[in-house]
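Survey of secondary and tertiary structure
Residues per chain are reported as follows:
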Amino acid sequence: GESVGLHLPTLSVQEGDNSIINCAYSNSASDYFIWYKQESGKGPQFIIDIRSNMDKRQGQRVTVLLNKTVKHLSLQIAATQPGDSAVYFCAEKKGTGRRALTFGSGTRLQVQP
Amino acid sequence: EAQVTQNPRYLITVTGKKLTVTCSQNMNHEYMSWYRQDPGLGLRQIYYSMNVEVTDKGDVPEGYKVSRKEKRNFPLILESPSPNQTSLYFCASSPWDRKNTEAFFGQGTRLTVV
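Now for a description of the structure that goes with this document. (Residues numbered from 1 in each chain as written. Chains lettered and ligands numbered in written order. Predicted model: local features only at pLDDT ≥ 70, side-chain atom pairs only at ≥ 80, totals over all residues. Heavy atoms only, no water.)

Attention now moves to the sheet that holds strand β8 (residues 76-78) of chain B. All names here are of chain B. Spatial strand order, β1-β3-β8-β7: four strands in an open sheet with antiparallel pairing. Edge positions in the sheet fall to β1 (4-7) and β7 (65-66), since each of these pairs with one other strand and no more. In terms of strand pairing, β1 meets strand β3 (residues 19-25) through four bridges, oriented antiparallel. By the bridge assignment, Val-4 is partnered in β3 with Gln-25. (Pairing = 2+ DSSP bridges. Helix = DSSP H or I, 4+ residues; strand = E, 2+ residues; numbered from the N terminus.)

A word on the layout of surface pockets. Here the largest pocket is characterised by a volume of approximately 640 Å³. Lining the largest pocket we find 31 residues, and of these A:Gln38, A:Val87, A:Arg108, B:Gln37 and B:Leu88 sit closest to its centre. Of all the secondary structure elements, the ones that give two or more residues to the lining of the largest pocket are β9 (86-93) and β11 (107-112) of chain A together with β4 (31-38) and β9 (87-94) of chain B. Looking at the lining of the largest pocket residue by residue, the classes come out as 11 nonpolar, 14 polar and six charged. For the second largest pocket, the lining is made up of 18 residues, of which A:Gly43, A:Pro44, A:Gln45, B:Phe104 and B:Phe105 are closest to its centre. Elements represented by at least two residues in the lining of the second largest pocket include exactly β4 (32-38) and β5 (45-51) of chain A together with β10 (104-105) of chain B. For the lining of the second largest pocket, the residue count by class is seven nonpolar, six polar and five charged. (1 Å grid on protein atoms, 1.4 Å probe; cavity = no way out; pocket = protein on both sides within 12 Å on 5 of 7 lines; lining within 4 Å. Points joined across faces, edges and corners; volume = space filled by probe spheres on them. Nonpolar A, V, L, I, M, F, W, Y, C, P; charged D, E, K, R; others polar.)

Dropping the structure here:
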């Protein structure tokens, strides 16, 4: 069935290092894959998305890679900062119906000073 | 400021006592939805609405009701809350656009049913 899952529940990195958060998906029919960030006590916030016909997309300090062969999605954060500490969710979007956004279970990123 | 506002932020109630969690957005978005967040399960959609008077079930609708009488408001109603509905709830809104992937979330409502 459809699922968007994450490899690791917690990732700990040193401040200044690069972070890589991974996600596996099973629904090849998704139109977009998206990353959301959820800080403590707040709702999820959009970071970046990638269309399913793309392999890579870059934003400010973040890069998303999509490997359709192995159905794998990753979020790379360059020069990780304390403010990057949060739970990161991958999500997929297919069309505009009820399953417009299907979320994975999340990875907690801890940035050590 | 563009925002989604939920109330209350925290709520403790007893089993069977009807409650309503309000959600309001000021971005004129057509699409609104409710999610619950539980440890290890991510966000699961409860109900969604594509526009005024148009609502439908999400993945976990049992025990919940919604209404969409106005475009800006999308309240979540628990007619007879039970302890398994203890969770963190989020309301979200977004434009009704196939290419739009950005949903705007409220701050969340932490509900405890005893």
